[in-house]
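Structural characterization, general
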Amino acid sequence: MQQLIADIRAAVGRGLDPDTTARLVADRLAPHLGPDDLLTPEQRLGDPDRYRQHLVHAEADGSFSVVALVWLPGQQTPIHDHVAWCVAGVHRGQESELRYRLVPDGPVARLEFTEAAVSPQGSVAAFAPPGDIHLVRNPGPGTALSIHVYGADISRLTTSIRRTYHLPAGPGPATGGR
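In short, a report on the structure. (Residues numbered from 1 in each chain as written. Predicted model: local features only at pLDDT ≥ 70, side-chain atom pairs only at ≥ 80, totals over all residues. Heavy atoms only, no water.)

Notes on the pairing of strand 5 (residues 94-105)
Across twelve bridges, strand 5 lies against strand 6 (residues 108-120) in antiparallel orientation. Of the residues in strand 6, the one forming a bridge with arginine 99 is glutamate 115. Following strand 5, the chain reverses through two residues before pairing antiparallel with strand 6; glycine 106 in that reversal takes a positive phi of roughly 70 degrees. Sheet analysis places strand 5 next to strand 8 (residues 133-137), joined by five bridges and oriented antiparallel. Following the sheet pairing, arginine 99 is matched in strand 8 by histidine 134. (Pairing = 2+ DSSP bridges. Helix = DSSP H or I, 4+ residues; strand = E, 2+ residues; numbered from the N terminus.)

As for the nonpolar core
Formed by 23 residues in total, the largest nonpolar core has its most connected members in Ile8, Val25, Phe64, Trp85, Val87, Ile147 and Val149. When contributions to this core are tallied by element, the ones reaching two or more residues are helix 1 (2-12), helix 2 (18-29), strand 2 (65-71) and strand 9 (144-150). Not counting residues up to four positions away in its chain, the partners in contact with phenylalanine 64 are Ile5, Ile8, Arg9, Val12, His57, Ala58, Glu59, Trp85, Val149, Tyr150, Gly151 and Ala152. Within the second largest apolar cluster, eleven residues are counted, among which are Val67, Trp71, Cys86 and Val136. (Core = buried A, V, L, I, M, F, W, Y, C linked by side-chain atoms within 4.5 Å. Buried < 20%, exposed > 50% of the residue type's maximum accessible area, 1.4 Å probe, protein only. Contact = heavy atoms within 4.5 Å.)

Encoded structure:
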């Protein structure tokens, strides 16, 4: 984990725009996914009621955080977006994702489904607001573990989620995979 943090620090320290930074961090994260010793036994513990977040590292200057997410079968996030750029890498199992975009609909707005993706072990995705609205879930029969790197201090914020969406979402699957 220390080497991964050093690699992320070097990418973030370049001071580039959020999209480019997220892509650079994704390139640094990918080679670290998979080994058993990346996470401690405590960081691999799930929660039977909801997906669980373990803060692994928060950079002292607040520029990034590394979080391990543990997903038991069927657990999912609400439809949400993020406070900062994000990189997600699947360490074990798989995740599925439904992506949306926010569209005006008269005096209100609605979500429009844009695509579904399944991310197996070793997959890495990078994104930055705006346009990062999605739902993530574990569609598999076993536990899924993912490593997320956020361009914010999650130790202070406690979450990477900026907003959850409770708007009509369609056409497309309502709560299916990632």
